[in-house]
Amino acid sequence: MDEPLVARMRGFGETIFAEMTRLAVETDSINLGQGFPDTDGPPSLLAGAARRIEQGVNQYPPGPGRPELRAAVAADRAARYGLEYDPDSEVYVTVGATAGITAAVLGLVEPGDEVVVFEPVYDSYPAAIAMAGGVRRAVTLRPGPPDEGGRFVFDPDELRAAVGPRTRAIIVNSPHNPTGTVLTAEEFGVIADVCQEHDVIAITDEVYEHLTFDGVAHVPLATLPGMRERTLAVSSAGKTFSVTGWKTGWVMGPAALVRAVQTVNQFLTFTANGALQLAVADALRDEMDWVRAQRAALQRKRDRLSEGLRAAGFTVLRPQGTYFVMADIRPLGLTEGVELARTLPRTARVAAVPAQVFYDHPDEGRHLVRFAFCKRDEVLDEAVARLGALSPA
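The structure presented is a predicted model; accordingly, all values stated were derived computationally and were not measured.

Calculation rules
Residues numbered from 1 in each chain as written. Predicted model: local features only at pLDDT ≥ 70, side-chain atom pairs only at ≥ 80, totals over all residues. Heavy atoms only, no water. Phe/Tyr/Trp six-rings, centres within 6.5 Å; stacked < 30°, edge-to-face > 60°. Buried < 20%, exposed > 50% of the residue type's maximum accessible area, 1.4 Å probe, protein only. Lys NZ or Arg CZ within 6 Å of the ring centre and 35° of its normal. Salt bridge = Lys/Arg side-chain N within 4 Å of Asp/Glu carboxyl O. Helix = DSSP H or I, 4+ residues; strand = E, 2+ residues; numbered from the N terminus. Pairing = 2+ DSSP bridges. Axes fitted to C-alpha atoms, helices over the stretch in contact; angles between N-to-C directions. Contact = heavy atoms within 4.5 Å.

Engineer: I keep staring at the packing of aromatic side chains and nothing clicks. Help me out?
Structural biologist: Pairs of aromatic rings are described using the distance from one ring centre to the other and the angle between the two planes. Counted under the stated rule, the structure contains 8 aromatic pairs. Ring geometry for Tyr 323 versus Phe 324: centroids 6.1 Å apart, planes at 70°, classification edge-to-face. Under the relative-accessibility criterion, Phe 324 is labelled buried at 2%. The residue whose ring lies beneath Arg 370 is Phe 324, and the NZ or CZ to ring-centre distance is 3.6 Å. Over the ring of Phe 36 we find Lys 375; its NZ or CZ atom is 3.8 Å from the centre of that ring.

Engineer: Help me understand the pattern of salt bridges in this model?
Structural biologist: For side chains of opposite charge, pairing can occur when their charged atoms come near one another. Following the criterion strictly, the structure yields 35 salt bridges and no others. Among the ionic pairs, Arg 349 bridges to Asp 28, the shortest N-O distance being 3.7 Å. Taken as a pair, Arg 349 in the loop between helix H11 (337-347) and strand S12 (350-351) and Asp 28 in the loop between helix H1 (16-26) and strand S1 (30-31) lie far apart in primary sequence, 321 residues in all. The class of Asp 28 is exposed, set by a relative accessible area of 56%. In this structure, Asp 303 engages Arg 318 in a salt bridge whose closest nitrogen and oxygen atoms are separated by 3.8 Å. Of the two residues, Asp 303 is situated in helix H10 (residues 288-311) and Arg 318 in the loop between strand S10 (315-317) and strand S11 (324-328); the sequence distance between them amounts to 15 residues.

Engineer: Just to check I follow, could you spell out the sheet that holds strand S5 (residues 152-154) for this structure?
Structural biologist: By definition, the strands of a sheet pair up through backbone hydrogen bonds, in either a parallel or an antiparallel sense. Spatial strand order, S2-S9-S8-S7-S6-S3-S4-S5: 8 strands in an open sheet with mixed pairing. Each end of this open sheet is capped by a strand with a single partner; those strands are strand S2 (91-94) and S5. In this sheet, adjacent strand axes meet at a mean angle of 25° when their direction is disregarded. Examined bridge by bridge, strand S8 (residues 231-236) and strand S9 (residues 249-252) share 4 bridges and lie antiparallel to one another. Of the residues in S9, the one forming a bridge with Val 234 is Val 251. Each of S2, S8 and S9 touches helix H3 (residues 67-81); the most contacted strand, S2, lies at about 120° to it.

In structure tokens:
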């Protein structure tokens, strides 16, 4: 039989996360590749889900999501950002943010439409664009001087050049995975101007919205003038409450854009776990002190791993948010991040992710690898000790 997979998806095989996790298991390595914590979220959240399951909340919830969660999401968005959403028509619950983003692309992008992304780009975006038959246009985020933290930024002229008459949407991820950059109001202003000038829809991936460091604030694109009516914002409980396996997310935006997501998603996952939705609704109201403490703990973990990576010979590019730190391998006398990532589990028993796989222009990220710091301190310390053998000193 000829290749049964449709042509537009043949470039998407096993994800790099699955490959690195498999290598980590095979070699009994510390897995700093995939971004999931090794501790659980707030006890009340876990107990709330268990209680709802025991109480019989085990059948299909409403397709748009439990009204309790939609109301809690709308209230949280209004309280923190001043963004008012109707929970009945402008908030929709999905099986994690990935499903929300994919359904948004499938519902809004026609074959041949162009979608702008910022590279390095989270790997589900290109796959969603391909499934829709869209055309991807990448704008590169590049690191600044390492002695200034190495914050990744985009060139506004490159963004403007990437947008044209066929551009339908732009996907914006901030705080950004994998670079850790948190876009500023000024940077969002450039994006907003481009969207309005070219009548482009913005899909914003904000799953790390609570996980920003050093006093840096997350600014939703929808808060900028003229952007609420053309922005579909996506977030989730997974990163906020350290329950990445719960896959409980939501999309927020104008009713017409939300309907587009719902129209597609009802034939994909249909609905999400109702017991988990109720527990998350409670946590959005009652556990934000836990989230603030978690953010402070993650900042310390970022600094802990960064210090160890520097001692091991890497140049560390300081993230402003997320679970991840990007490291330049060239001070180690190495240039190929993919090669290093595939050998590290066997040579040092540590797994990382090569940044190159997140780029349309591979040379931009060939020398970078991504490490996750959302692990217990003793795990980070052991990983650093193992990586110390790489140091040329």
